[in-house]
Every structure is written in C-alpha cells, then in structure tokens.
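# Commentary on secondary and tertiary structure
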Amino acid sequence: MPYASSGAAPAEPDFLSGAAQRLRESPVDGWTDISAAIQRRLKTVRRRSRPIRAVTESGRTMFVADRVILSRLREAVAEIEDCELDSVSLVGEDDTCTGAAIDVVSRYGHDYQELADRVRSVAYDVFRELLGPTEPAFGIEGVDVTVKDLTDEG
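Attention in this report is confined to the structure presented alongside it. (Residues numbered from 1 in each chain as written. Predicted model: local features only at pLDDT ≥ 70, side-chain atom pairs only at ≥ 80, totals over all residues. Heavy atoms only, no water.)

A volume near 230 Å³ is recorded for the largest pocket. Where the lining of the largest pocket is concerned, the elements lending two or more residues are strand 1 (51–55) and strand 4 (96–107). Classifying every residue of the lining of the largest pocket gives 7 nonpolar, 4 polar and 3 charged. (1 Å grid on protein atoms, 1.4 Å probe; cavity = no way out; pocket = protein on both sides within 12 Å on 5 of 7 lines; lining within 4 Å. Points joined across faces, edges and corners; volume = space filled by probe spheres on them. Helix = DSSP H or I, 4+ residues; strand = E, 2+ residues; numbered from the N terminus. Nonpolar A, V, L, I, M, F, W, Y, C, P; charged D, E, K, R; others polar.)

Next comes the structure, spelled out in structure tokens:
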C-alpha cells in the first residue's frame, strides 16, 4: 500500500506521475553554473588510447589511436539505416589489431544476416582506410558482428 501521511487516502498514481513531471520541468537554481563547471572539468579528463599499428602508402609504419578507429566506426555504422552501434571491441595484442567484435541494435523484423553483412563490410572499409592501403591481415571474417533486436512496445 502506498505511503500516505496524516491518515489521508493513498496517493493516486496519476497524481504522482504529474508531480514527477512538474519536478522534471521546474528549473533548478544554479544548474547552468554547475553544468558549465562540469563541462570544463570533463574537458580536462584524458582517456588513454592504445596505439594501433598501421602502414602508409609508402610502406612505412605509423600508429593510429584506437579511439580514432572507434570514433570512425561509430560514424560509419551510424550511416546505416535502422542500425545503431551498441559496442565495439578491438581484438589484438600489443599494437596489432587482429579484428573486432561489434554489437549493433536494430528493430525486430529486419533481415539480421543482411544487416550484419552490411555492418561487417562498412567496418572492414574503415579498417582498410585507417590501417593502410593493403587489406588488413585479419580479413573481413575477422569482424564479428552481433545484431540485437528491439521490439516496439505499444
């Protein structure tokens, strides 16, 4: 039974929903000042990045930060219709990338095999673009794609 003070009738769920909505909509004094301070602090936080070995067109070795690869993968997958990137894990040891595990989300009812093949192809293109002019040694088969579905709940 919901809590009611002073012997009053229990609060109605609609009343509680309305109260919660009014609280969400009411401004909080100083929030913009706090928000700006948090934003400034976050800009000073650095995330360590792992260098991934790549090859230039002239054959020289260079390194690409893993977060550059992850960012580019997010951008590329975002261009695929009805598909959202959920997570990416680069596979490999030391400074060598030997593949990736990619999880995407899509609506229920899509052809998941076709979607996984499309994501795999797009991701592999990103690896070729960033890791060098030659085909990555892990091949397109080294990109593992898992599709999770979402259902519409009426």
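Moving on from the coordinates now.
Now for the pairing of strand 3 (residues 84–93). Direction of pairing for strand 3 relative to strand 4: antiparallel, over a ladder of 9 bridges. Its bridge partner lying in strand 4, Glu 84 is registered against Val 105. (Pairing = 2+ DSSP bridges.)

Below, the discussion takes up the sheet that holds strand 5 (residues 143–150). Spatially, 3-4-5 is the arrangement adopted by the 3 strands of the open sheet, whose pairing is mixed. In this open sheet, the two edge strands, each paired with only one partner strand, are strand 3 and strand 5. The sheet shows a mean angle of 15° between the axes of neighbouring strands, direction not considered. Here helix 3 (residues 66–78) sits on the sheet and contacts strand 3 and strand 4; the angle it forms with strand 3, its principal contact strand, is near 145°. Strands strand 3, strand 4 and strand 5 of the sheet are contacted by helix 4 (residues 112–131), whose axis makes an angle of about 135° with strand 5. (Axes fitted to C-alpha atoms, helices over the stretch in contact; angles between N-to-C directions. Contact = heavy atoms within 4.5 Å.)

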